[in-house]
Amino acid sequence: MSVMTAADHRIPQDQADLLGTPAAYADGRIHETYRWLRANEPFGVAKIEGVDPFWVVTRHADILEISRQNDLFRNGDRNPVITSQEADRKVREMMGGSPHLLRTLIHMDAPDHLKYRALTQAWFMPQNLRSMEDRIRVIARAAVDKMAAAGGRCDFVHDVALHFPLHVIMSILGVPEADEPRMLQLTQEIFGAGDPELSRNKAAAKPPEERQEVDFSMVTDFFNYFRALSAEKRANPTDDLGSVIANSQIDGQPLSDLEAMSYYIIIATAGHDTTSSSTAGALWALAENPAELAKVKADLSLIPSLVDESIRWTTPVKTFMRTASQDVEFAGRDLKKGDWLMLCYASANRDEAVFDEPFAFRVDRKPNKHLAFGYGAHLCLGQHLAKMEMRILWEEMLPRLDELALDGTPALSEAVFVNGPKRLPVRFAMR
Ligand code: HEM
């Protein structure tokens, strides 16, 4: 591991510790830390016990610049998700020296990354998605009908937001509907591993070794499930995305077991949780800002901008890591080859230098150059699908929604990597 050469840019310990504290992402303290960092140490080093030191990048301009320089700031040289030294050691031991338990697009760099991305990219392009619009609208309408039938009160996360994008992505993948609850639970357990309520067997409260065992068991469950699905799609290919992954070749060879399973896992996890979170984040903000709800209800052409704002506002993917591939001076800092950098997307999306009143939720915010989908070669593969799903849901829901208010205390999940609303009790009147 390289030595950080930035003693003069060390982040104060209390702020650094919050960056690694899942609860801080649920109770709002992280935004105070980000605000402080943007103003005082926008590119500093955090040293947290049990974690290798890392640079913390909080300004929009720096995150954008790092994300677009994929040769200089690589994904695969170290873990692209923040991890402890102990977990890193265990993974390397299990994986013959590699820092990766999975090999998804997020773990790859050129030249492999592009080859693997090309396998599914066309599926997620707007012209292909257009052919799915009617199907997605039927699913959205069913979700809204269910909400309308709930009698004026529901937990929007559980009753609406979770199931709609889940059903869309699972039908794209070719996962049978009966298995959707299992996919949902596994995703929530993986992203909620640091949350006392969502983690498997309440592992978040257990010692690190036990937590790691649980982490490995969840990945094993996903592997077992998708290994069977993949065999089925090889035996009986259809026109779904699961069959594409099962039957594709790279450089004339089928995908290895690790790469195929990783592909299924990233689509099955990234493909719904983030979209559910942005949808619920928007409804929460609309319940708290009746004037914004009235504005978009009065002018439904604002829905695409409501969607952008809800993604900026929620920023479900809080962080990804990059690794410097060579010594370089960047943003006035002396980076060394092997240095690890945390890109704080949620900070970029509240950056006062880019957004007017960043802490205000505005359905008509324009421009809205948020970085919630990242940028550069790894720019979210599913961004058009996510935006389309949300647009359709609001088109179906807003004309029918007459009143909306919170009906108790909402809660965000506790996670450093991917989080969002886990509870959103609301009262409403619907036609
Ligand atoms: C609001 C919803 C979503 C958000 C906020 C989101 C966010 C992100 C972010 C931040 C990245 C990393 C970008 C980077 O490192 O530069 C990413 C990558 C990715 N996302 Fe999404 N995502 C969303 C929805 C989806 C959906 C619906 C899918 C469905 C397939 C998806 C699949 C992926 C994949 C496969 C990658 C890896 C791309 C690569 O490395 O080339 N995401 N997403």
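Values in this document were obtained by computation on a predicted structure and should not be read as measured data.

Conventions and cut-offs
- Each chain has its residues counted from 1, running along the sequence as written.
- A pLDDT threshold of at least 70 governs which residues receive local features in this predicted model, and a stricter bar of 80 or more applies before side-chain atom pairs are shown or counted, although totals over entire chains, interfaces and linings include all residues.
- Hydrogens and water are ignored here; the side-chain numbers use all heavy atoms of the structure.
- Helix and strand assignments follow DSSP, with helices taken as H or I runs no shorter than four residues and strands as E runs no shorter than two, numbered in order from the N terminus.
- Restricting the calculation to C-alpha atoms gives the radius of gyration, and the globule rule supplies 2.2 Å times the number of residues raised to the power 0.38.
- Burial here depends on accessible area, computed with a 1.4 Å probe over protein chains only, as a share of the maximum for the residue type. Under 20% is buried, over 50% is exposed, and the range in between is partly exposed.
- Between two residues, a contact is recorded if the distance between any of their heavy atoms is within 4.5 Å.
- Per-residue and other accessible areas were derived by the Shrake-Rupley procedure at a 1.4 Å probe size, with only the shown protein chains allowed to occlude residues.
- Charged-residue counts in this description rest on Lys and Arg as positive and Asp and Glu as negative, His and the chain ends being excluded.
- We put the charge of a Lys on NZ, of an Arg on CZ, of an Asp on CG and of a Glu on CD.
- What we call a nonpolar core is a set of buried Ala, Val, Leu, Ile, Met, Phe, Trp, Tyr and Cys residues that are connected through their side-chain atoms within 4.5 Å.
- Salt bridges are defined by distance alone: a side-chain nitrogen of Lys or Arg within 4 Å of a carboxyl oxygen of Asp or Glu.
- Whether a set of points on the 1 Å grid over the protein atoms alone is a cavity depends on a 1.4 Å probe fitting there but being unable to get out, while an open set qualifies as a pocket with protein on both sides within 12 Å along at least five of seven lines; lining residues are those with an atom within 4 Å of a point.
- Grid points are joined across faces, edges and corners, and a volume is the space filled by probe spheres set on the points.
- Under the grouping applied here, Gly and all other residues not named as nonpolar or charged are polar, the nonpolar ones being Ala, Val, Leu, Ile, Met, Phe, Trp, Tyr, Cys and Pro and the charged ones Asp, Glu, Lys and Arg.
- By convention, a stacked pair of Phe, Tyr or Trp rings (six-membered ring in the case of Trp) has centres within 6.5 Å and planes under 30 degrees apart, an edge-to-face pair has planes over 60 apart, and any other such pair is tilted.
- For a ring to carry a charge above it, either NZ of a lysine or CZ of an arginine must fall within 6 Å of the ring centroid while also lying within 35 degrees of the normal to the ring plane.

> Could you give an account of the overall build of the protein chain, naming the residues involved and the relevant values?
For the protein chain, the count of helices and strands is 18 helices and 14 strands. Relative to a compact globule of 431 residues, whose C-alpha radius of gyration would be 22 Å, the protein chain shows 21 Å and is just as compact. Across its three principal directions, the C-alpha atoms of the protein chain cover 60 × 55 × 40 Å. Per-residue burial for the protein chain yields a buried fraction of 56% across its 431 residues. Long-range contacts, defined here as pairs at least 24 residues apart, represent 73% of the contacts in the protein chain between residues at least 6 apart. Accessible area for the protein chain stands at about 17700 Å²; split by element, carbon and sulfur atoms hold 53% of it. For the protein chain, the separation between the mean place of its 49 positive charges and that of its 61 negative charges on side chains is 2 Å.

> Please provide a residue-by-residue account of the nonpolar core, values included.
In summary, soluble globular proteins display a tendency toward joint burial of nonpolar side chains. Formed by 109 residues in total, the largest nonpolar core has its most connected members in Phe156, Leu173, Phe226, Trp394 and Met397. Not counting residues up to four positions away in its chain, the partners in contact with Leu173 are Phe226, Lys233, Asp240, Leu241, Gly242, Ile245, Tyr264, Ile267 and Ala268. Ile11, Leu18, Ala24 and Trp340 belong to the second largest nonpolar core, which has 20 residues in total.

> Lay out the pattern of salt bridges in plain terms, naming residues and giving numbers.
Per the counting criterion, the structure on display carries 37 salt bridges. For the salt bridge of Arg29 with Asp27, the shortest nitrogen-to-oxygen distance reads 2.9 Å. The exposure class of Arg29 is partly exposed, given its relative accessible area of 36%. A residue is classified by how much of its surface remains accessible, and Asp27, at 45% relative accessible area, is partly exposed.

> Describe empty space enclosed by the protein, listing the residues and the values that go with them.
The final tally for this structure, using the stated rule, is three cavities of 30 Å³ or more. If you add up the space inside the largest cavity, you get close to 150 Å³. Every residue lining the largest cavity is counted, 16 residues in all, and those nearest its centre are Gln188, Asp273, Ser277, Ser413 and Pro421. Going through the elements one at a time, helix H10 (180-191), helix H14 (273-288) and strand E13 (421-423) are the ones with two or more residues in the lining of the largest cavity. Examining the composition of the lining of the largest cavity, we find that four residues originate from one element, H14, more than from any other. Per-class residue counts for the lining of the largest cavity are seven nonpolar, seven polar and two charged. Along its surface, the second largest cavity is lined by 10 residues, and Asp52, Arg78, Thr83, Asp88 and Trp340 are the ones closest to its centre.

> So, the packing of aromatic side chains: which residues are in play, and what are the values?
In the structure shown here, the tally under the stated rule is 11 aromatic pairs. Centre to centre, the rings of Phe226 and Tyr264 are 5.0 Å apart; their planes meet at 5 degrees, and the pair counts as stacked. Of the two residues, Phe226 is situated in helix H11 (residues 208-235) and Tyr264 in helix H13 (residues 257-270); the sequence distance between them amounts to 38 residues. Pair check on accessibility: Phe226 and Tyr264 agree, each one buried. Plain terms: the ring middles of Trp313 and Phe361 are 5.6 Å apart, the flat faces sit at 70 degrees to each other, and that makes the pair edge-to-face. Of this pair, Trp313 sits in helix H16 (residues 303-314) while Phe361 sits in the loop between helix H17 (345-348) and helix H18 (383-397); the two residues are 48 residues apart in sequence, bridging distant segments of the chain. Positioned over the ring face of Phe359 is Arg35, at 4.4 Å from the centre of the ring. Its guanidinium or amino end placed over the ring of Phe355, Arg312 lies 5.2 Å from that ring's centre, counting from NZ or CZ.

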